[in-house]
Amino acid sequence: MKNVLGIIIAVDNDNDLREITEHRTVAAVPFGGRYRIVDFMLSNMVNSGIFRIGLLMKDKYQSLIDHIGNGKDWDLSRKNGGVTMLPPYSYSKKSSPLVVGEYRGKIDALSGAIDFLQKNRAEYVVLADGDVIANIPIDEVIQQHIDAENDITMVVTKKGKENRLSTYCEMNRRKEIVDIRVGDSNDSKCKHEALGVYVMSRQYLIHLIADCVTHNCIHFERELLTRALTDSKIGGYLFGAYACKIEDTHQYFKANMDMLDKETRDEVFLRTRPIYTRICDESPAYYGDKAKVEDSLIADGCHIEGKVVNSILFRDVLVEKDAVVSNSIIMENGRILNGASLAHIITDRGVTIRDGRTMMGHENYPVVIAKSSVI
């Protein structure tokens, strides 16, 4: 789609991923054994024919830049278009007439990139959060937006477990949004959850940003959308397949565990709409004579001598003999030594669990071990 610009917001303000995001933004968090969370929204846009994408960042973005590189793994290494990194140009007012200081929310981040929006000639903008796990046909969302003549079209899904960080909305039979609430603690009146994906015209987005900045509005959902709801037509695209917005550690853990179910994987990883990621060649996983692996995702380069059950292991993980890993996520270069036992644990990169150690969390509150820790 030559007349569509994609913007992925990798700005962290409202999330609770604890140690997982100490050194990286949510969009750069590893997922599913080989991916990063940002891969899903990048792939959604590329699969829908959007090849001009801006990646809006705030801080802790080195890991994200290293992962995406020049964008060739997503077919975004192009002379015209491609992926543009948009780190905070500056927190001073000189960088943009709309920048008012350090980024307090999405509005300030978007206003910092106003020059990128103004110079682009696209008619429409797809604005998406970088923390969504879903395979969304964005081309269908754009077409519905055009056909319905909406000012804004937002992608929603059926409401799941209520979360104080999530945005909820109510949609009528004409697929129009009639109410928007953040947290929705008011007797669960809203029946749909917003996935953080919005379609609107580029000029309309510029107008909304300017209007919010002049009124000192900083919250995209609570202030920009609710202001637009009073005098604009906001439509809803109901997405019925698997979708999860990663806003806290429990959601991250659950979304990874969901990938162990084949039916869920089939909804997310479609052959016709593949999820791309950076290619890292490794030797195949090695399984020892006494290794036992059940219902798990094991990445290349792993060396398994012990027992792994209902878990996800990223590249180059070692599980020594008599070690047991169950219902856990072990990121790259993890070392689970002889006799160690883990249950409902998330280990960041380079974590070593020494001989005989036992650690246990709960599915509703998994224990997170920080990067490069030795236990």
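Since the structure is predicted, the reported quantities are computational estimates derived from the model, not experimental observations.

**Student:** Teacher, can you tell me more about the overall build of the protein here?
**Tutor:** Scanning the protein from terminus to terminus reveals nine helices and 28 strands. For 375 residues, the compact-globule formula gives about 21 Å, and the C-alpha radius of gyration of the protein, at 21 Å, lands near that figure. Sorting the 375 residues of the protein into buried and exposed places 56% on the buried side. When contacts within the protein are restricted to residue pairs at least 6 apart in sequence, long-range pairs at least 24 apart make up 57% of them.

**Student:** Help me understand the nonpolar core in this model?
**Tutor:** When a protein is soluble and globular, its nonpolar side chains tend to lie buried together. In terms of nonpolar packing, the biggest core is built from 39 residues, with L117, L127, I152, M154, Y198, F220 and L225 touching the most fellow members. No other element matches the seven residues that helix 6 (residues 202–214) contributes to this core. With near-sequence residues (within four places) excluded, Y198 lies in contact with V125, V126, L127, I152, T153, M154, F220, E221 and L225. Grouped together as the second largest cluster of nonpolar side chains are 34 residues, I8, V38, M45 and V155 included.

**Student:** Would you mind going over the pattern of salt bridges with me for this structure?
**Tutor:** Side chains that carry opposite charge are capable of pairing whenever their charged atoms lie near each other. Scanning all chains against the criterion turns up 18 salt bridges. In this structure, E19 and R18 form a salt bridge, with 3.8 Å as the shortest nitrogen-oxygen distance. Residue class for E19 comes out partly exposed when judged on its relative accessible area of 24%. Here the salt bridges share partners, and the residues they tie into one network are K106, D129, D131, E221, K245 and E247.

**Student:** Which parts of the structure should I look at to understand helix 8 (residues 249–258)?
**Tutor:** Every α-helix carries 3.6 residues per turn, so stepping three or four residues along brings you back to the same face. Counted residue by residue, helix 8 has eight buried out of 10 residues, so it is predominantly covered. Buried within helix 8 are the following residues: T249, Q251, Y252, F253, A255, N256, M257 and D258. The backbone nitrogen of H250 has a side-chain oxygen 3.3 Å away, supplied by the residue at the start of helix 8, namely D248.

**Student:** Before we go on, may I ask you to explain the pairing of strand 11 (residues 192–201) in this structure?
**Tutor:** A regular strand carries its side chains on alternate faces of the sheet. Taken across its 10 residues, strand 11 has nine buried, putting it largely inside the fold. Across five bridges, strand 6 (residues 124–129) lies against strand 11 in antiparallel orientation. When the sheet's bridge partners are listed, V125 is paired in strand 11 with M200. As paired elements, strand 8 (residues 152–158) and strand 11 share six bridges and run antiparallel to each other. If you follow K158 over to strand 11, its bridge partner there is H192.

**Student:** How should I be thinking about the sheet that holds strand 16 (residues 297–298) in this particular structure?
**Tutor:** Backbone-to-backbone hydrogen bonds pair the strands of a sheet. The strands run either parallel or antiparallel. Judged by pairing direction, the sheet is parallel, and its five strands sit side by side in the order 16-19-22-25-28 without closing on themselves. Looking at the sheet topology across the chains shown, the edges are occupied by strand 16 and strand 28 (367–369). As judged from the two bridges shared by strand 22 (residues 329–330) and strand 25 (residues 345–347), these two strands associate in the parallel manner. Residue pairing across strands places I330 opposite T347, the latter belonging to strand 25.

**Student:** Which parts of the structure should I look at to understand the sheet that holds strand 17 (residues 303–304)?
**Tutor:** Strand order in the open sheet made by the five strands is 14-17-20-23-26, with parallel pairing throughout. Where the open sheet ends on each side, the last strands, each with one partner, are strand 14 (286–287) and strand 26 (352–353). Note: strand 17 against strand 20 (residues 318–319), two bridges, orientation parallel. When the sheet's bridge partners are listed, I304 is paired in strand 20 with V319.

**Student:** Looking at this structure, I do not really get unusual backbone geometry. What am I missing?
**Tutor:** Glycine aside, residues mostly have negative phi, and peptide bonds are mostly found in the trans state. In the Ramachandran plot, N216 falls in the positive-phi region, its phi being about 60° despite a non-glycine side chain. Within the element layout of this structure, N216 appears in the loop between helix 6 and helix 7 (220–231). Its identity is not glycine, yet N310 carries a phi of approximately 50°, on the positive side. If you trace the backbone, N310 turns up in the loop between strand 18 (307–309) and strand 19 (312–313).

**Student:** What is the right way to read helix 7 from this model?
**Tutor:** Between the first and last C-alpha of helix 7 there are 16 Å, a value that for 12 residues agrees with the 16 Å anticipated at 1.5 Å per step. Among all positions of helix 7, only F220, E221, L224, L225 and A228 are buried. Taken around the axis of helix 7, the buried residues stretch over an arc of 105°, which confines them to a single face. Residues T230 and D231 are exposed on helix 7 and point more than 90 degrees away from its buried face.

**Student:** Which parts of the structure should I look at to understand the packing of helix 6 against helix 7?
**Tutor:** Pairs of packed helices are described in terms of their axes, by the angle between the two and the distance that separates them. Here helix 6 crosses helix 7 at 115°, and the two axes come no closer than 11 Å. It follows from the interaxial angle that helix 6 and helix 7 lie roughly perpendicular. Note on packing geometry: the crossing formed by helix 6 with helix 7 is right-handed. Residues Y204, L208, D211 and C212 of helix 6 lie in contact with helix 7, whose contacting residues are L224, R227 and A228. Within the contact of helix 6 with helix 7, the residues separate by chemical class into five nonpolar, no polar and two charged.

**Student:** I'm lost on the pairing of strand 6 in this one. Help?
**Tutor:** Buried residues dominate strand 6, accounting for six of its six residues. Burial along strand 6 is two-sided: the residues Y124, V126 and A128 and V125, L127 and D129 are all buried. Pairing of strand 1 (residues 4–10) with strand 6, which is carried by six bridges, proceeds in the parallel orientation. What sits directly across from I7, in strand 6, is L127.

Thresholds applied
- Residues numbered from 1 in each chain as written.
- Predicted model: local features only at pLDDT ≥ 70, side-chain atom pairs only at ≥ 80, totals over all residues.
- Heavy atoms only, no water.
- Helix = DSSP H or I, 4+ residues; strand = E, 2+ residues; numbered from the N terminus.
- Rg over C-alpha atoms; globule rule 2.2 N^0.38 Å.
- Buried < 20%, exposed > 50% of the residue type's maximum accessible area, 1.4 Å probe, protein only.
- Contact = heavy atoms within 4.5 Å.
- Core = buried A, V, L, I, M, F, W, Y, C linked by side-chain atoms within 4.5 Å.
- Salt bridge = Lys/Arg side-chain N within 4 Å of Asp/Glu carboxyl O.
- Polar contact = N/O pair within 3.5 Å; in protein donor to acceptor, adjacent residues only side chain to side chain.
- Pairing = 2+ DSSP bridges.
- Expected span 1.5 Å × (residues − 1).
- Arc of directions from axis to C-beta.
- Axes fitted to C-alpha atoms, helices over the stretch in contact; angles between N-to-C directions.
- Parallel < 35°, antiparallel > 145°, perpendicular 65-115°, else oblique.
- Left-handed = near helix turned anticlockwise from the far one by under 90°.
- Nonpolar A, V, L, I, M, F, W, Y, C, P; charged D, E, K, R; others polar.

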